[in-house]
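Structure at a glance
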Amino acid sequence: MEKNTLFDKIWDAHVIKSVPAGPDVFFIDKHFIHEVTSPVAFLNLELRGIGVKYPNRTIATPDHNVPTVDQDLTIKDKLSRMQVEKLRENCAKYGIELHDLGSAHHGIVHVIGPELGVTQPGMTIVCGDSHTSTHGAFGAIAFGIGTSEVEMVLATQCIMQSKAKKMRISVEGTLGKGVTSKDIILYIISKISAAGATGYFVEYAGSAIQSLSMEARMTICNMSIEMGARGGLIAPDETTFAYLKGKQYAPKGADWDKAVAHWKTLKTDDGAIFDKELVFEAADIEPMITYGTNPGMGIKVTGTIPSTQGMEGSNKTSYLKSLDYMGFVPGEAVKGKMVDYVFVGSCTNGRIEDIRAVAQFVKGHQKAENITAWIVPGSREVEKMAHEEGLVKILEDAGFELRQPGCSACLAMNDDKIPSGKYAVSTSNRNFEGRQGPGARTMLASPLTVAAVAITGRITDPREVF
Amino acid sequence: MAYDKFTVLQSTAVPLPTENVDTDQIIPARFLKATEREGFGDNLFRDWRYDVEGNPKKDFVLNDRTYSGKILVAGKNFGSGSSREHAVWALYDYGFRCVVSSFFADIFKNNCLNIGVLPVTVSPEFADLLFTAIAADPNTAVEVNLPQQTITLLATGASESFDINEYKKDNMQHGFDDIDYLINMAAEIEGFEASR
Ligand code: SF4
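Notes on the structure in this doc start here.

Calculation notes
- Residues numbered from 1 in each chain as written.
- Chains lettered and ligands numbered in written order.
- Predicted model: local features only at pLDDT ≥ 70, side-chain atom pairs only at ≥ 80, totals over all residues.
- Heavy atoms only, no water.
- Helix = DSSP H or I, 4+ residues; strand = E, 2+ residues; numbered from the N terminus.
- Rg over C-alpha atoms; globule rule 2.2 N^0.38 Å.
- Buried < 20%, exposed > 50% of the residue type's maximum accessible area, 1.4 Å probe, protein only.
- Contact = heavy atoms within 4.5 Å.
- Areas by Shrake-Rupley, 256 points an atom, 1.4 Å probe, with all protein chains shown as cover.
- Lys, Arg positive; Asp, Glu negative; His and termini not counted.
- Charge placed at Lys NZ, Arg CZ, Asp CG, Glu CD.
- Near = heavy atom within 4 Å.
- Nonpolar A, V, L, I, M, F, W, Y, C, P; charged D, E, K, R; others polar.
- Salt bridge = Lys/Arg side-chain N within 4 Å of Asp/Glu carboxyl O.
- Polar contact = N/O pair within 3.5 Å; in protein donor to acceptor, adjacent residues only side chain to side chain.
- Pairing = 2+ DSSP bridges.
- Axes fitted to C-alpha atoms, helices over the stretch in contact; angles between N-to-C directions.
- Parallel < 35°, antiparallel > 145°, perpendicular 65-115°, else oblique.
- Left-handed = near helix turned anticlockwise from the far one by under 90°.
- Phe/Tyr/Trp six-rings, centres within 6.5 Å; stacked < 30°, edge-to-face > 60°.
- Lys NZ or Arg CZ within 6 Å of the ring centre and 35° of its normal.
- Core = buried A, V, L, I, M, F, W, Y, C linked by side-chain atoms within 4.5 Å.
- Expected span 1.5 Å × (residues − 1).
- Right-handed = clockwise from strand over helix to strand, strands pointing away.

Time to look at the overall build of chain A. The number of helices and strands found in chain A is 17 helices and 19 strands. Since a compact globule built from 466 residues should have a radius of gyration of about 23 Å, the 21 Å found for chain A is in line with a globular shape. When its C-alpha atoms are laid out on the principal axes, chain A stretches across 55 × 55 × 50 Å. Residues classed as buried in chain A amount to 65% of the 466 residues present. Across chain A, contacts joining residues at least 24 apart in sequence account for 75% of those joining residues at least 6 apart. Accessible area of chain A: about 15,600 Å², with a carbon and sulfur share of 50%. Measuring between centres, the 49 positive side-chain charges of chain A sit 1 Å from its 54 negative side-chain charges.

This is how it looks when you write it as structure tokens:
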């Protein structure tokens, strides 16, 4: 019998037709949209004189540019307001389910999809957002698309894509104290570089991955794009089923049993061939932090910034330009460096487990004077739980500022910008120049490391503090 | 939407040898607030092109009149990061019709093909050859020939062939896009959807 990978099984089941010497016509089960990458797609549909073919397969929420204060008021920024209003208008016009600002399930699109149980094993899921890869944690093929493709999905529920190559990354063994799934993915990216998985779809496997909670798995799949991969996925198992059971859109009753029976078949066959296989040891992974301007530029929190030895030409120039932007020099240690902001939030680490982890760490402590600390829940649901569990109180007592759900300082489209030249240690996923505001200097780390930095005011190894 | 046809392009080129240029640099997030597709060219490479007061930064290549043209020759791993198609709209709106690099990020490359900006992947050696030639003579003409799938330095005749899938090539040459194709498949898609 033919041996297939999990990726093959889901992909092949969604190909309607393969164009000779061209891409596959690929069917999309679920489509998420937000206010920034959808308006032009709707506009083009209008210009073509066509509508949305399967509105019940699309779900919308405004997240990227929404304010994180006073969400019950009219949005002050005119352009942001127009985008959000356009989204409302388009959803109403075509009958698309919208989780609007202030509603019970408003939030970052990649946080609410799983929360609602919309995201399920075996599905194909796209969104005009590269971190759509997050949903791969459920054993789905999920990836980001451009606005032209958003238009294709709205018009036909299909896109045209060539099948990616396959890579398996296994992490074996037990994670050390203070090491989280964020550290796993930052470690992997630092090893294979920000372009190391370009052209591939990655399956994460191995005992260390299997031991993770759903939320921790989402953090890993989320950052697949930061190593260039089209997406990443993890075979569904009992952890997946337990998470989904009872969720609003999860199958119920007999349908549930049928679904689980099918989901159990969604795994890579023994002996299936990958184009590339990598294996890492969990024991080698320590708390990580980035020091440069792409997510591949990561080191152990206790490490030193690599020297330029062995680099030449544009490689070296680009490296030095990056360090110059960050205000760092090759060969120096990052530990002990002063920090100005911490940001806990985003579709990478803005879920309840992340907020719990931070709250548990800072409980009874005060943030350092030099630190401004923002906590932005990934969704209303997360916010609600944080209140109910008393986490908000703990965090506010420690001097953190809680904001309302949205992408916030992850991409700084709203007012949540890190000022130029300031250092921010963030739980988000991108440390690009200006990502968190023009001139902002971002260092990516886990929620635990961020909590430690908040308390000490400096780059700190979380294992040494608490 | 359907776009300009692309067959043979002869132009001077603008060099940007920086590696790992992400789409946040090509068009920063704060300029993504429009609900239409035009006008993004003004903010192409915004934070490299202008200082905080909005004055042009002299050392950035787009502010250097020595260089111009419809071809952007970029460093390795161009277009990584965010999937924003706005990055390609900005390049297009500014006047680029072709981007050359030794390595492109996946989504960016797809987005280029979908709106009619040709991404040409060359070997690292050929990319270096282009950078050297343009540095030596900013008026160096480059020919990108889609039917032949070649890129040539016209002065020396140095040439390399590039890959593109037949379907996308055909689309680019005729200015078709995928939606036209998909709409013609409506019946098959309906059948498939009903079975799910
Ligand atoms: S939180 Fe950040 S990475 Fe996630 S969808 Fe929003 S902007 Fe994108």
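Moving on to the overall build of chain B. A tally of regular secondary structure across chain B gives eight helices and eight strands. For 196 residues, the compact-globule estimate of 2.2 N^0.38 gives 16 Å, and the C-alpha radius of gyration of chain B, at 18 Å, lies within 12% of that figure. The dimensions of chain B, computed from C-alpha atoms along their principal axes, are 60 × 45 × 25 Å. Taking contacts inside chain B between residues at least 6 apart in sequence as the whole, the part at least 24 apart equals 65%. The distance from the centre of the 17 positive side-chain charges to the centre of the 29 negative ones in chain B is 5 Å.

Moving on to the site of the ligand. Looking at the ligand, the residues that line it are His64, Ile108, His110, Asp129, His131, Ser346, Cys347, Cys407, Cys410, Leu411, Asn429 and Arg435 of chain A. Residue composition of the shell around the ligand, by class: five nonpolar, five polar and two charged.

Taken residue by residue, the interface counts 53 residues in chain B and 70 residues in chain A. The tally of links between chain B and chain A comes to seven salt bridges. For Lys53 of chain A, the salt bridge identified is with Glu190 of chain B, shortest N-O distance 2.4 Å. Inspection of the region where chain B meets chain A yields 27 residue pairs in polar contact (both at pLDDT 80 or more). Mapped onto the side of chain B that touches chain A, the elements with two or more residues apiece are helix H1 (23-26), helix H2 (46-49), helix H3 (86-94), helix H4 (106-115), helix H6 (166-174), helix H7 (178-183) and helix H8 (186-194) of chain B.

Residues and elements named next belong to chain A. Position of Ser379 among the secondary structure elements: in the loop between strand E16 (372-375) and helix H14 (380-388). When its relative accessible area of 0% is taken as the criterion, Ser379 is described as buried. Side-chain polar atoms of Ser379 contact the side chain of Glu115, separated by 2.7 Å. Beyond its immediate stretch of four places on either side in the chain, Ser379 contacts His106, Gly107, Val111, Ile112, Glu115 and Pro405.

Let us now look at the sheet that holds E16 of chain A. All names here are of chain A. Read across the open sheet, the five strands follow the order E17-E16-E15-E18-E19; overall the sheet is parallel. At either end of the open sheet lies a strand with only one pairing partner, and these are strand E17 (401-402) and strand E19 (441-444). Sheet topology note: the strand E15 (residues 341-344)/E16 ladder contains four bridges and is parallel. Counted as the bridge partner of Val344 is Ile375 from E16. Contacts from helix H16 (residues 447-456) reach E15 and strand E18 (423-426) within the one sheet, and its direction differs from that of E15 by about 150°.

For the rest of this paragraph, the subject is the packing of helix H6 (residues 181-192) of chain A against helix H8 (residues 214-222) of chain A. All names here are of chain A. Their axes nearest at 8 Å, the elements H6 and H8 cross at an angle of 20°. By the angle class used here, H6 and H8 are roughly parallel. Crossing geometry of H6 relative to H8 is assigned as right-handed. Across from Ser181, Lys182, Ile184 and Ile185 in H6, the residues of H8 making contact are Ala216, Thr219 and Ile220. Of the residues belonging to the contact of H6 with H8, the class tally is four nonpolar, two polar and one charged.

Turning our attention to the sheet that holds strand E1 (residues 8-11) of chain B. Residue and element names in this part refer to chain B. With antiparallel pairing, four strands are arranged side by side in an open sheet as E1-E6-E7-E8. Of all strands in the sheet, those bounded by a partner on one side alone are E1 and strand E8 (159-161). Averaged over neighbouring strand pairs, the angle between their axes works out to 10° when direction is ignored. Bridge analysis of strand E6 (residues 142-145) against strand E7 (residues 150-153) gives four bridges, and the strand direction is antiparallel. Its bridge partner lying in E7, Glu143 is registered against Thr152.

For the rest of this paragraph, the subject is the environment of Ala359 of chain A. Residues and elements named next belong to chain A. With respect to the helices and strands, Ala359 occurs in helix H13 (residues 352-362). A residue is classified by how much of its surface remains accessible, and Ala359, at 1% relative accessible area, is buried. A C-alpha to C-alpha distance of 28 Å links Ala359 and Thr119, two positions 240 residues apart in sequence. Residues contacting Ala359, with those up to four places away along its chain left out, are Leu391, Ile394 and Leu395.

Turning to the packing of aromatic side chains, a few remarks are in order. What the rule picks out here adds up to 21 aromatic pairs over all chains. Ring geometry for Tyr94 of chain B versus Phe96 of chain B: centroids 5.4 Å apart, planes at 25°, classification stacked. Each residue in the set Phe7, Trp11, Phe26, Phe143 and Phe201 of chain A is aromatic and connected to the rest through ring pairs, giving one cluster. Positioned above the aromatic ring of Tyr243 of chain A, the side-chain terminus of Lys247 of chain A is 4.2 Å from the ring centre.

Okay, the nonpolar core next. Formed by 111 residues in total, the largest nonpolar core has its most connected members in Phe400 of chain A together with Phe45, Phe78, Leu91, Phe108, Val144 and Ile151 of chain B. The biggest single contributor to this core is H13 of chain A, with seven residues. Excluding its chain neighbours within four sequence positions, the residues that come into contact with Val144 of chain B are Phe6, Thr7, Val8, Leu9, Ile71, Cys98, Leu118, Val120, Thr150, Ile151 and Phe162 of chain B. Of all hydrophobic cores here, the second largest spans 86 residues; its members include Trp11, Val15, Val150 and Ala155 of chain A.

So, about helix H5 (residues 124-136) of chain B. Every α-helix carries 3.6 residues per turn, so stepping three or four residues along brings you back to the same face. For H5 of chain B, built from 13 residues, the straight-helix expectation of 18 Å at 1.5 Å per residue is met to within 8% by its first-to-last C-alpha distance of 18 Å. On the buried face of H5 of chain B, the contacting elements are strand E2 (13-16), strand E3 (71-74), strand E4 (98-101), E6, E7 and E8 of chain B.

Let us look at the environment of Ser408 of chain A. Relative to the helices and strands, Ser408 of chain A resides in the loop between E17 and E18. Sequence-distant contacts of Ser408 of chain A, defined by excluding residues within four places in its chain, comprise Thr68, Phe343, Val376, Met413, Asn414 and Asp416 of chain A.

This part takes up the pairing of strand E10 (residues 200-205) of chain A. Residues and elements named next belong to chain A. Counting buried positions along E10 gives six out of six residues, so the element sits mostly inside the fold. Side chains Tyr200, Val202 and Tyr204 of E10 all project onto a buried face; the interleaved residues Phe201, Glu203 and Ala205 project onto the opposite face, where all are buried too. Examined bridge by bridge, strand E9 (residues 165-172) and E10 share six bridges and lie parallel to one another. Note that in E10 the partner of Ile169 across the bridge is Tyr204. Read as a crossover between parallel neighbours, the route from E9 over H6 to E10 is right-handed. Of the strand pairs in this sheet, E10 and strand E11 (residues 231-233) are connected by three bridges, and their pairing is parallel. Each bridged residue has a counterpart across the sheet, and for Phe201 the counterpart in E11 is Gly231.

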